[in-house]
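# Remarks on the overall topology
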Amino acid sequence: MKIEVLIKSNLILDNPKKVIINLMYTYNVIGDKLNELLKPFELSGEQYNVLRILRGQKGKPANMCLIQERMLAKNSNTTRLIDKLLVKDLVTRNVCPENRRKMEILITNKGLDLLEDLDPKIEAFDRFFADHLSNEELEQLNILLEKYRQL
């Protein structure tokens, strides 16, 4: 469906404006669907992102700076996210023995188990959106989005 119809606009939008509105609208659609998927697990998309980053460390601790660098949403409050994951026993936070000003964050077995339960659901989520496009279209979309981000 055309973006003008979705947002009920009577204006004729030029292509640069259409692209921005389409990207923002699509971002919200995907975010809403992801939040629906994560809600029964009492996780936000940002908390899920932190858990995936920590799983990718393969047992090595991560500091707050590393997590923040790898976050999809760069404006996330990493400390607040870690605090919420600590309460749920999904991560641990310890003082680094070599540098007492640095905190080391690790995913717990409970966090790993949660991600293992979520993996097939997230894979189906990804496929749900991708199934509307061919592999070539997906590749082209990735190229175009990466090109668009080059500021």
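## Observations concerning the nonpolar core
Judged by nonpolar contacts, the single largest core of 25 residues is most densely connected at L43, V50, L51, L54, I67 and L118. Listed by contribution, the elements that provide at least two residues to this core are α2 (15-38), α3 (45-55), α4 (64-70), α5 (78-87), β2 (103-107) and α6 (109-130). Among all residues touching L43, those that are not within four sequence positions of it are L38, Y48, L51, L85, K88, L90, L114 and L118.

## Some thoughts on unusual backbone geometry
With phi around 55 degrees, K8 is a residue other than glycine that occupies positive phi space. Residue class for K8 comes out exposed when judged on its relative accessible area of 71%.

## Notes on the environment of L34
Mapped onto the elements, L34 comes out in helix α2. Discounting chain neighbours no more than four positions away, the residues touching L34 are G45, I122 and F125.

## Some thoughts on the pattern of salt bridges
Following the criterion strictly, the structure yields 4 salt bridges and no others. Between D83 and R93 there is a salt bridge, and its shortest N-O distance comes to 2.7 Å. Taken together, the residues D83 in helix α5 and R93 in strand β1 (residues 91-95) connect sequence positions 10 residues apart.

## Some points on the confidence of the model for the chain
Mean pLDDT over the chain works out to 92, with 100% of the residues at or above the 70 mark. For the chain, helix α1 (residues 3-6) is the element with the lowest average pLDDT, namely 78, and α6 is the one with the highest, namely 97.

## Notes on the environment of V87
As for its placement among the helices and strands, V87 is situated in helix α5. Among the residues examined, V87 registers a relative accessible area of 71% and is labelled exposed. Considered as a pair, V87 and L141 are 54 residues apart in the sequence and their alpha carbons are 39 Å apart.

## Observations regarding the packing of aromatic side chains
Per the counting criterion, the structure on display carries 2 aromatic pairs. The interplanar angle of 70 degrees and the centroid separation of 5.2 Å between the aromatic rings of F125 and F129 together place this pair among those described as edge-to-face. One end of the pair is F125 and the other is F129, both in helix α6 and 4 residues apart, which spans about a single turn. Here F125 falls in the buried class, since its relative accessible area comes to 12%. The exposure class assigned to F129 is partly exposed, which follows from its relative accessible area of 27%. Relative to F129, the ring of F128 has its centre 5.1 Å away and its plane inclined at 85 degrees; by these criteria the two rings are edge-to-face. One aromatic cluster is present, formed by F125, F128 and F129 through successive ring pairs.

## So, a nonpolar patch on the surface
A surface patch of nonpolar side chains, about 530 Å² in accessible area, is lined by M1, V5, L6, I7, Y25 and V29. Residue assignment for the nonpolar patch shows that the elements contributing at least two residues are α1 and α2. Relative to the helices and strands, V5 is located in helix α1.

Cut-offs used in this document
- Residues numbered from 1 in each chain as written.
- Predicted model: local features only at pLDDT ≥ 70, side-chain atom pairs only at ≥ 80, totals over all residues.
- Heavy atoms only, no water.
- Core = buried A, V, L, I, M, F, W, Y, C linked by side-chain atoms within 4.5 Å.
- Buried < 20%, exposed > 50% of the residue type's maximum accessible area, 1.4 Å probe, protein only.
- Helix = DSSP H or I, 4+ residues; strand = E, 2+ residues; numbered from the N terminus.
- Contact = heavy atoms within 4.5 Å.
- Salt bridge = Lys/Arg side-chain N within 4 Å of Asp/Glu carboxyl O.
- pLDDT = per-residue confidence, 0-100.
- Phe/Tyr/Trp six-rings, centres within 6.5 Å; stacked < 30°, edge-to-face > 60°.
- Patch = residues over 30% accessible without salt bridge, like charges linked within 9 Å, V, L, I, M, F, W, Y side chains within 5 Å.
- Areas by Shrake-Rupley, 256 points an atom, 1.4 Å probe, with all protein chains shown as cover.

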